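Secondary and tertiary structure notes
Here's the letter readout for the chains.
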Amino acid sequence: MADTTIHCDIVSAEGEIFSGPAKMVFVPAAQGEIGIAPRHAPLLTMIKSGEVRVQTPDGQEQFFFVGGGALEIQPKKITVLADTAVRAKDMDEAAALEAKQRAEEALKGNIDKIEQAEALAELARAAAQLKMIQKLRKIKG
Amino acid sequence: MPGTKEIRTKIASVKSTQKITKAMEMVAASKMRRAQDRMRLSRPYAEKIRVVIGHLNKANPDYKHPFLVEREPKSVGIIVVSSDRGLCGALNTNVFKSTLMLMREWQGKGAKVNLCLLGSKGVAFFRRLGTPILASVTGLGDKPHVKDLLGSVKVMLDAYRDGGIDRLFIVNAEFVNTMTQKPAVTQLLPVQTIDDGDLQDMWDYIYEPNAADILDGVLMRYIESQVYRGAVESVACEMAARMVAMKAASDNAGNLIGDLQLIYNKARQAAITKELAEIVGGAAAV
(Lines give C-alpha, C1' and ligand atoms only; values in the text may rest on other atoms or scores of the structure.)
Protein backbone atom coordinates (compact mmCIF):
# COMPACT_ATOMS: atom_id res chain seq x y z
CA MET A 1 0.00 0.00 0.00
CA ALA A 2 2.80 2.28 0.93
CA ASP A 3 4.14 1.80 -2.57
CA THR A 4 1.24 3.35 -4.36
CA THR A 5 0.80 6.51 -2.35
CA ILE A 6 3.06 9.05 -0.78
CA HIS A 7 2.19 11.35 2.09
CA CYS A 8 2.18 14.97 1.07
CA ASP A 9 2.24 17.99 3.37
CA ILE A 10 1.95 21.50 2.06
CA VAL A 11 2.51 24.02 4.83
CA SER A 12 2.99 27.75 4.90
CA ALA A 13 3.98 30.00 7.77
CA GLU A 14 0.37 31.09 8.14
CA GLY A 15 -1.13 27.61 8.22
CA GLU A 16 -1.40 24.13 6.81
CA ILE A 17 -2.62 24.05 3.24
CA PHE A 18 -2.82 20.36 2.44
CA SER A 19 -2.04 17.13 4.20
CA GLY A 20 -2.87 13.68 2.96
CA PRO A 21 -1.90 10.78 0.71
CA ALA A 22 -1.14 11.36 -2.96
CA LYS A 23 -0.46 9.22 -6.00
CA MET A 24 1.68 11.79 -7.66
CA VAL A 25 2.71 15.36 -6.93
CA PHE A 26 3.93 17.96 -9.42
CA VAL A 27 5.99 20.84 -8.10
CA PRO A 28 7.57 23.81 -9.94
CA ALA A 29 11.13 23.31 -8.73
CA ALA A 30 13.87 25.87 -9.24
CA GLN A 31 15.23 24.04 -12.27
CA GLY A 32 11.99 23.00 -13.89
CA GLU A 33 8.82 21.22 -12.94
CA ILE A 34 9.24 17.86 -11.35
CA GLY A 35 6.76 15.07 -10.85
CA ILE A 36 7.17 13.05 -7.70
CA ALA A 37 5.94 9.49 -7.49
CA PRO A 38 6.11 7.32 -4.36
CA ARG A 39 9.60 6.08 -3.45
CA HIS A 40 11.28 9.05 -5.03
CA ALA A 41 14.91 9.55 -4.03
CA PRO A 42 15.47 12.02 -1.18
CA LEU A 43 15.74 15.48 -2.64
CA LEU A 44 15.92 19.01 -1.40
CA THR A 45 15.33 21.94 -3.66
CA MET A 46 13.91 25.43 -3.77
CA ILE A 47 10.70 25.99 -5.68
CA LYS A 48 9.53 28.83 -7.86
CA SER A 49 6.15 30.46 -7.69
CA GLY A 50 3.60 28.45 -9.56
CA GLU A 51 1.09 25.73 -8.98
CA VAL A 52 1.50 22.51 -7.10
CA ARG A 53 -0.65 19.68 -8.42
CA VAL A 54 -1.57 16.82 -6.14
CA GLN A 55 -3.16 13.64 -7.54
CA THR A 56 -5.11 12.07 -4.73
CA PRO A 57 -5.55 8.28 -4.58
CA ASP A 58 -9.16 8.54 -5.79
CA GLY A 59 -7.93 9.95 -9.07
CA GLN A 60 -8.82 13.58 -8.46
CA GLU A 61 -6.42 16.44 -8.88
CA GLN A 62 -6.00 19.34 -6.51
CA PHE A 63 -4.24 22.56 -7.34
CA PHE A 64 -2.45 24.88 -4.96
CA PHE A 65 -0.75 28.11 -5.74
CA VAL A 66 2.56 28.65 -4.02
CA GLY A 67 4.63 31.80 -4.11
CA GLY A 68 7.87 29.88 -3.90
CA GLY A 69 9.53 28.08 -1.04
CA ALA A 70 11.36 24.86 -0.41
CA LEU A 71 10.63 21.23 -1.21
CA GLU A 72 11.79 18.24 0.73
CA ILE A 73 11.30 14.71 -0.51
CA GLN A 74 11.75 11.58 1.49
CA PRO A 75 10.77 8.17 0.09
CA LYS A 76 7.43 8.17 1.88
CA LYS A 77 6.89 11.83 2.49
CA ILE A 78 6.84 15.08 0.59
CA THR A 79 6.99 18.40 2.41
CA VAL A 80 6.35 21.61 0.56
CA LEU A 81 7.33 24.64 2.61
CA ALA A 82 5.33 27.24 0.76
CA ASP A 83 5.76 30.99 0.90
CA THR A 84 2.54 32.88 1.29
CA ALA A 85 3.92 35.91 -0.42
CA VAL A 86 5.20 35.99 -3.94
CA ARG A 87 8.73 37.18 -3.66
CA ALA A 88 10.99 38.46 -6.28
CA LYS A 89 14.40 39.89 -5.60
CA ASP A 90 13.30 43.40 -6.53
CA MET A 91 10.16 43.19 -4.44
CA ASP A 92 12.10 42.12 -1.38
CA GLU A 93 14.51 44.95 -1.99
CA ALA A 94 11.66 47.45 -2.25
CA ALA A 95 10.05 46.16 0.95
CA ALA A 96 13.36 46.44 2.77
CA LEU A 97 13.84 49.98 1.53
CA GLU A 98 10.36 50.90 2.65
CA ALA A 99 10.96 49.52 6.13
CA LYS A 100 14.16 51.54 6.37
CA GLN A 101 12.44 54.69 5.25
CA ARG A 102 9.70 54.26 7.80
CA ALA A 103 12.31 53.94 10.52
CA GLU A 104 14.04 57.11 9.35
CA GLU A 105 10.79 59.01 9.25
CA ALA A 106 9.99 57.85 12.74
CA LEU A 107 13.37 59.04 13.95
CA LYS A 108 13.09 62.38 12.21
CA GLY A 109 10.10 63.08 14.38
CA ASN A 110 7.26 62.89 11.99
CA ILE A 111 4.94 64.61 14.47
CA ASP A 112 2.35 62.20 15.69
CA LYS A 113 -0.84 63.12 17.43
CA ILE A 114 0.39 62.95 20.99
CA GLU A 115 3.34 65.13 20.26
CA GLN A 116 1.15 67.53 18.38
CA ALA A 117 -1.08 67.82 21.44
CA GLU A 118 1.96 68.35 23.64
CA ALA A 119 3.27 71.04 21.33
CA LEU A 120 -0.10 72.78 21.28
CA ALA A 121 -0.26 72.77 25.07
CA GLU A 122 3.23 74.23 25.20
CA LEU A 123 2.19 76.92 22.73
CA ALA A 124 -0.89 77.78 24.78
CA ARG A 125 1.23 78.13 27.92
CA ALA A 126 3.70 80.38 26.16
CA ALA A 127 0.91 82.53 24.76
CA ALA A 128 -0.65 82.90 28.21
CA GLN A 129 2.71 83.94 29.66
CA LEU A 130 3.17 86.48 26.91
CA LYS A 131 -0.26 87.97 27.57
CA MET A 132 0.52 88.18 31.28
CA ILE A 133 3.78 89.97 30.63
CA GLN A 134 2.07 92.46 28.32
CA LYS A 135 -0.63 93.13 30.94
CA LEU A 136 2.01 93.71 33.62
CA ARG A 137 3.83 96.12 31.34
CA LYS A 138 0.65 98.13 30.76
CA ILE A 139 0.05 98.43 34.51
CA LYS A 140 3.62 99.54 35.10
CA GLY A 141 3.77 101.83 32.10
CA MET B 1 -23.49 68.03 49.55
CA PRO B 2 -23.40 67.66 45.77
CA GLY B 3 -26.65 68.14 43.90
CA THR B 4 -28.64 65.08 42.95
CA LYS B 5 -28.69 66.09 39.33
CA GLU B 6 -24.89 66.19 39.12
CA ILE B 7 -24.63 62.72 40.63
CA ARG B 8 -27.21 61.43 38.17
CA THR B 9 -25.22 62.73 35.22
CA LYS B 10 -22.05 61.24 36.67
CA ILE B 11 -23.71 57.83 37.02
CA ALA B 12 -24.95 58.00 33.44
CA SER B 13 -21.48 58.84 32.18
CA VAL B 14 -19.82 56.02 34.13
CA LYS B 15 -22.51 53.66 32.85
CA SER B 16 -21.77 54.52 29.24
CA THR B 17 -18.05 54.08 29.87
CA GLN B 18 -18.79 50.68 31.35
CA LYS B 19 -20.74 49.74 28.24
CA ILE B 20 -17.74 50.58 26.08
CA THR B 21 -15.24 48.68 28.22
CA LYS B 22 -17.55 45.68 28.30
CA ALA B 23 -17.86 45.71 24.53
CA MET B 24 -14.08 46.01 24.17
CA GLU B 25 -13.64 43.09 26.53
CA MET B 26 -15.88 40.88 24.45
CA VAL B 27 -14.29 41.93 21.17
CA ALA B 28 -10.84 41.24 22.61
CA ALA B 29 -11.97 37.81 23.82
CA SER B 30 -13.12 36.70 20.39
CA LYS B 31 -10.09 38.19 18.67
CA MET B 32 -7.84 36.43 21.16
CA ARG B 33 -9.31 33.08 20.24
CA ARG B 34 -8.66 33.71 16.57
CA ALA B 35 -5.12 34.90 17.27
CA GLN B 36 -4.47 31.73 19.25
CA ASP B 37 -5.66 29.68 16.29
CA ARG B 38 -3.22 31.49 14.05
CA MET B 39 -0.47 30.83 16.56
CA ARG B 40 -1.28 27.13 16.39
CA LEU B 41 -1.38 27.16 12.59
CA SER B 42 2.10 28.62 12.29
CA ARG B 43 3.60 25.78 14.29
CA PRO B 44 3.80 22.96 11.67
CA TYR B 45 5.78 25.14 9.26
CA ALA B 46 8.36 26.08 11.87
CA GLU B 47 8.70 22.47 13.00
CA LYS B 48 9.13 21.11 9.47
CA ILE B 49 11.64 23.78 8.57
CA ARG B 50 13.61 22.94 11.71
CA VAL B 51 13.80 19.32 10.65
CA VAL B 52 15.04 20.29 7.20
CA ILE B 53 17.72 22.53 8.68
CA GLY B 54 18.76 19.72 11.00
CA HIS B 55 19.14 17.41 8.01
CA LEU B 56 21.10 19.98 6.05
CA ASN B 57 23.39 20.57 8.97
CA LYS B 58 24.17 16.90 9.33
CA ALA B 59 24.49 16.28 5.63
CA ASN B 60 27.26 18.77 4.95
CA PRO B 61 29.25 19.57 8.05
CA ASP B 62 32.08 21.12 6.05
CA TYR B 63 29.96 24.04 4.80
CA LYS B 64 29.28 26.68 7.43
CA HIS B 65 26.59 29.16 6.63
CA PRO B 66 27.19 32.65 8.11
CA PHE B 67 23.86 32.36 9.96
CA LEU B 68 25.25 29.44 11.91
CA VAL B 69 28.66 30.88 12.79
CA GLU B 70 29.20 32.48 16.15
CA ARG B 71 30.99 35.84 15.88
CA GLU B 72 32.51 38.28 18.33
CA PRO B 73 29.47 40.45 19.22
CA LYS B 74 30.52 44.01 18.46
CA SER B 75 26.96 45.12 17.85
CA VAL B 76 23.62 43.44 18.30
CA GLY B 77 20.25 43.80 16.62
CA ILE B 78 17.00 43.57 18.51
CA ILE B 79 13.60 43.09 16.93
CA VAL B 80 10.98 44.48 19.30
CA VAL B 81 7.40 43.36 18.79
CA SER B 82 4.80 45.65 20.34
CA SER B 83 1.15 46.40 19.74
CA ASP B 84 -0.23 49.18 17.58
CA ARG B 85 -2.89 50.21 20.04
CA GLY B 86 -2.95 50.84 23.75
CA LEU B 87 -5.46 49.96 26.47
CA CYS B 88 -3.86 46.59 26.99
CA GLY B 89 -2.46 46.89 30.48
CA ALA B 90 1.26 46.68 31.11
CA LEU B 91 1.91 44.48 28.08
CA ASN B 92 4.00 46.90 26.03
CA THR B 93 5.70 48.38 29.08
CA ASN B 94 6.90 44.94 30.10
CA VAL B 95 8.24 44.22 26.63
CA PHE B 96 10.05 47.57 26.56
CA LYS B 97 11.45 47.01 30.02
CA SER B 98 13.03 43.71 29.11
CA THR B 99 14.29 45.24 25.85
CA LEU B 100 15.95 48.02 27.82
CA MET B 101 17.50 45.47 30.12
CA LEU B 102 18.84 43.53 27.16
CA MET B 103 20.17 46.74 25.62
CA ARG B 104 21.91 47.72 28.82
CA GLU B 105 23.42 44.27 29.15
CA TRP B 106 24.99 44.46 25.68
CA GLN B 107 25.98 48.09 26.00
CA GLY B 108 27.70 47.13 29.22
CA LYS B 109 29.74 44.65 27.23
CA GLY B 110 30.68 47.40 24.82
CA ALA B 111 28.39 46.35 21.98
CA LYS B 112 26.31 48.74 19.92
CA VAL B 113 22.58 48.19 19.72
CA ASN B 114 20.43 48.49 16.61
CA LEU B 115 16.69 48.17 16.72
CA CYS B 116 13.97 46.92 14.45
CA LEU B 117 10.51 47.89 15.61
CA LEU B 118 7.25 46.16 14.86
CA GLY B 119 4.20 48.05 16.09
CA SER B 120 3.63 51.76 16.59
CA LYS B 121 3.88 51.68 20.38
CA GLY B 122 7.45 50.53 20.05
CA VAL B 123 8.23 53.27 17.55
CA ALA B 124 6.77 55.93 19.85
CA PHE B 125 8.79 54.65 22.80
CA PHE B 126 12.20 53.94 21.29
CA ARG B 127 12.31 57.05 19.13
CA ARG B 128 13.06 59.13 22.21
CA LEU B 129 16.00 56.97 23.18
CA GLY B 130 18.14 57.89 20.21
CA THR B 131 19.16 54.29 19.56
CA PRO B 132 19.63 53.65 15.86
CA ILE B 133 16.51 52.13 14.33
CA LEU B 134 17.23 50.13 11.21
CA ALA B 135 13.69 49.26 10.23
CA SER B 136 10.14 49.54 11.45
CA VAL B 137 6.68 48.35 10.51
CA THR B 138 3.46 49.68 11.95
CA GLY B 139 -0.17 48.96 11.34
CA LEU B 140 0.14 45.20 11.13
CA GLY B 141 -3.38 44.86 12.47
CA ASP B 142 -4.91 41.85 14.13
CA LYS B 143 -3.82 39.50 11.38
CA PRO B 144 -0.15 40.05 10.67
CA HIS B 145 0.91 38.72 7.29
CA VAL B 146 4.30 37.30 6.51
CA LYS B 147 4.66 39.59 3.53
CA ASP B 148 4.36 42.70 5.70
CA LEU B 149 7.27 41.52 7.82
CA LEU B 150 9.61 40.46 5.03
CA GLY B 151 11.05 43.92 4.42
CA SER B 152 12.10 44.57 7.99
CA VAL B 153 13.47 41.08 8.45
CA LYS B 154 15.50 41.46 5.27
CA VAL B 155 17.04 44.70 6.56
CA MET B 156 18.18 42.90 9.69
CA LEU B 157 19.43 39.82 7.80
CA ASP B 158 21.35 42.02 5.38
CA ALA B 159 22.88 43.90 8.29
CA TYR B 160 23.92 40.57 9.74
CA ARG B 161 25.46 39.43 6.48
CA ASP B 162 27.36 42.69 6.07
CA GLY B 163 28.65 42.54 9.61
CA GLY B 164 26.57 45.50 10.78
CA ILE B 165 25.19 43.33 13.54
CA ASP B 166 26.71 40.17 14.96
CA ARG B 167 23.76 38.87 16.83
CA LEU B 168 20.02 39.18 16.42
CA PHE B 169 17.40 38.91 19.13
CA ILE B 170 13.66 39.15 19.13
CA VAL B 171 11.72 40.44 22.11
CA ASN B 172 8.02 39.76 22.16
CA ALA B 173 5.28 39.03 24.64
CA GLU B 174 4.93 35.34 25.28
CA PHE B 175 1.48 33.87 25.68
CA VAL B 176 1.48 31.81 28.87
CA ASN B 177 -2.25 31.83 29.39
CA THR B 178 -5.10 34.30 29.24
CA MET B 179 -4.14 35.93 32.53
CA THR B 180 -0.37 35.82 32.11
CA GLN B 181 1.79 37.20 29.34
CA LYS B 182 5.45 37.67 29.91
CA PRO B 183 8.14 39.20 27.74
CA ALA B 184 10.43 36.66 26.11
CA VAL B 185 13.86 37.21 24.57
CA THR B 186 14.89 34.75 21.85
CA GLN B 187 18.13 34.67 19.94
CA LEU B 188 17.51 34.40 16.21
CA LEU B 189 21.03 34.75 14.84
CA PRO B 190 23.34 32.97 14.85
CA VAL B 191 20.84 30.12 14.78
CA GLN B 192 21.36 28.20 17.94
CA THR B 193 22.18 24.55 17.51
CA ILE B 194 19.12 22.78 16.31
CA ASP B 195 18.73 19.46 18.04
CA ASP B 196 19.25 16.80 15.47
CA GLY B 197 16.81 14.32 16.92
CA ASP B 198 17.23 10.73 15.85
CA LEU B 199 20.34 10.06 13.86
CA GLN B 200 19.48 6.63 12.49
CA ASP B 201 17.32 7.77 9.55
CA MET B 202 20.41 9.35 8.11
CA TRP B 203 20.62 9.63 4.36
CA ASP B 204 21.85 12.33 2.14
CA TYR B 205 19.63 14.30 -0.15
CA ILE B 206 20.07 15.12 -3.75
CA TYR B 207 20.49 18.88 -3.77
CA GLU B 208 19.19 21.01 -6.53
CA PRO B 209 21.00 23.26 -7.46
CA ASN B 210 23.38 23.00 -4.46
CA ALA B 211 23.29 22.64 -0.72
CA ALA B 212 24.57 26.14 0.05
CA ASP B 213 21.78 27.90 -1.82
CA ILE B 214 19.14 25.72 -0.25
CA LEU B 215 20.53 26.22 3.22
CA ASP B 216 20.51 29.96 2.62
CA GLY B 217 16.90 29.95 1.45
CA VAL B 218 15.71 27.67 4.19
CA LEU B 219 17.51 29.55 6.97
CA MET B 220 16.08 32.84 5.78
CA ARG B 221 12.59 31.38 5.82
CA TYR B 222 13.22 29.95 9.23
CA ILE B 223 14.08 33.37 10.65
CA GLU B 224 11.08 34.88 8.91
CA SER B 225 8.78 32.27 10.33
CA GLN B 226 10.20 32.94 13.79
CA VAL B 227 9.51 36.66 13.46
CA TYR B 228 6.04 35.89 12.16
CA ARG B 229 5.42 33.63 15.15
CA GLY B 230 6.56 36.47 17.42
CA ALA B 231 4.15 38.88 15.75
CA VAL B 232 1.20 36.50 15.93
CA GLU B 233 1.92 35.59 19.52
CA SER B 234 2.17 39.26 20.37
CA VAL B 235 -1.31 39.85 18.91
CA ALA B 236 -2.71 37.00 21.01
CA CYS B 237 -1.07 38.54 24.08
CA GLU B 238 -2.37 41.99 23.23
CA MET B 239 -5.92 40.68 23.00
CA ALA B 240 -5.62 38.68 26.21
CA ALA B 241 -4.13 41.65 28.06
CA ARG B 242 -6.81 43.96 26.71
CA MET B 243 -9.51 41.53 27.72
CA VAL B 244 -8.20 41.39 31.28
CA ALA B 245 -7.68 45.16 31.46
CA MET B 246 -11.16 45.85 30.14
CA LYS B 247 -12.68 43.35 32.53
CA ALA B 248 -10.98 45.15 35.41
CA ALA B 249 -12.21 48.48 34.04
CA SER B 250 -15.80 47.19 33.78
CA ASP B 251 -15.63 45.87 37.34
CA ASN B 252 -14.27 49.17 38.59
CA ALA B 253 -17.00 51.04 36.76
CA GLY B 254 -19.54 48.75 38.45
CA ASN B 255 -18.10 49.57 41.88
CA LEU B 256 -18.06 53.26 41.08
CA ILE B 257 -21.69 53.16 39.99
CA GLY B 258 -22.60 51.37 43.25
CA ASP B 259 -20.85 54.00 45.35
CA LEU B 260 -22.37 56.86 43.37
CA GLN B 261 -25.82 55.33 43.66
CA LEU B 262 -25.40 55.23 47.44
CA ILE B 263 -24.37 58.88 47.55
CA TYR B 264 -27.23 59.75 45.25
CA ASN B 265 -29.77 57.98 47.47
CA LYS B 266 -28.38 59.67 50.55
CA ALA B 267 -28.51 63.06 48.89
CA ARG B 268 -32.07 62.46 47.75
CA GLN B 269 -33.16 61.37 51.21
CA ALA B 270 -31.44 64.33 52.79
CA ALA B 271 -33.28 66.64 50.42
CA ILE B 272 -36.63 65.05 51.25
CA THR B 273 -35.94 65.18 54.97
CA LYS B 274 -34.92 68.79 54.69
CA GLU B 275 -38.08 69.67 52.79
CA LEU B 276 -40.24 67.86 55.32
CA ALA B 277 -38.49 69.59 58.19
CA GLU B 278 -39.09 72.91 56.50
CA ILE B 279 -42.79 72.16 55.99
CA VAL B 280 -43.20 70.96 59.56
CA GLY B 281 -41.21 73.93 60.83
CA GLY B 282 -43.31 76.27 58.72
CA ALA B 283 -46.59 74.70 59.95
CA ALA B 284 -45.46 75.00 63.55
CA ALA B 285 -44.67 78.67 63.08
CA VAL B 286 -48.13 79.44 61.74
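The written sequence of each chain sets the order in which its residues are numbered from 1. Chain letters start at A and ligand numbers start at 1, both assigned in the order the entries are written. Given that this is a predicted model, residues contribute local features only at a pLDDT of at least 70 and side-chain atom pairs are listed and counted only at 80 or more, while totals for whole chains, interfaces and linings are drawn from all residues.

**Concerning the overall build of chain A**
When you go through chain A residue by residue, the secondary structure sums to 2 helices and 9 strands. Under the scheme used here, helices are H or I runs from DSSP no shorter than 4 residues and strands are E runs no shorter than 2 residues, and both carry numbers assigned from the N terminus. For chain A, the α and β elements follow one another from N to C terminus as β-β-β-β-β-β-β-β-β-α-α. Residue burial in chain A is summarised as follows: out of 141 residues, 27% are buried. Whether two residues are in contact is decided by their C-beta atoms, placed from the backbone, lying within 7 Å. Within chain A, residue pairs in contact and separated by at least 24 positions form 49% of the contacts whose partners lie at least 6 positions apart. Residues are called buried when their C-beta atom has 20 or more other C-beta atoms within 10 Å, exposed when it has 12 or fewer, and partly exposed otherwise; all C-beta atoms are positioned from the backbone.

**With respect to helix 1 (residues 4-41) of chain B**
All names here are of chain B. Helix span, expected: 1.5 Å multiplied by one less than the number of residues in the helix. Taking 1.5 Å of rise per residue, the 38 residues of helix 1 would be expected to cover 56 Å, and the 56 Å separating its terminal C-alpha atoms lies within 8% of that figure. Residues of helix 1 that are buried: I7, A28, M32, A35 and R38. Buried residues along helix 1 sit against helix 6 (211-285).

**Section: the confidence of the model for chain B**
In this model, chain B carries an average pLDDT of 88, and 94% of its residues clear a pLDDT of 70 or more. For this predicted complex, the interface confidence reaches an ipTM of 0.71, while the overall pTM sits at 0.80. A residue's pLDDT is the predictor's confidence in that residue, given on a scale from 0 to 100.

**A closer look at the packing of helix 5 (residues 146-162) of chain B against helix 6 of chain B**
Residues and elements named next belong to chain B. Every axis corresponds to a line fitted to the C-alpha atoms, with the helix fit spanning only the stretch in contact, and the corresponding angles, defined between N-to-C directions, vary from 0 to 180 degrees. Interaxial distance between helix 5 and helix 6 falls to 10 Å at its minimum, and their mutual angle equals 120 degrees. Relative to helix 6, the element helix 5 is oriented oblique. In this structure, helix 5 crosses over helix 6, and the sense of that crossing is right-handed. When helix 5 is examined against helix 6, the residues V146, L149, L150, V153 and L157 are found in contact with a partner set consisting of M220, I223, E224, V227, Y228 and A231. Should an angle fall under 35 degrees it is taken as roughly parallel, and over 145 as roughly antiparallel, whereas 65 to 115 is taken as roughly perpendicular and any remaining angle as oblique. The hand of a helix crossing depends on one turn: near helix anticlockwise from the far one by less than a right angle means left-handed, and clockwise means right-handed.

**Brief notes about the interface of chain A and chain B**
Frequently, the measure chosen for interface size is the accessible area removed from exposure when the parts meet. Every contact between the two is made by 33 residues of chain A and, on the other side, 38 residues of chain B. Looking at which element gives the most residues to the side of chain A that touches chain B, the answer is helix 1 (residues 89-108) of chain A, with 10 residues. Asp, Glu, Lys and Arg are counted as charged, while Ala, Val, Leu, Ile, Met, Phe, Trp, Tyr, Cys and Pro are counted as nonpolar; the rest, among them Gly, fall into the polar class. Looking at the side of chain A that touches chain B residue by residue, the class counts come to 18 nonpolar, 6 polar and 9 charged. Relative to strand 6 (residues 206-208) of chain B, strand 5 (residues 43-47) of chain A is paired through 3 bridges, and the arrangement is parallel. A strand pair is defined by DSSP finding two or more bridges across the two strands.

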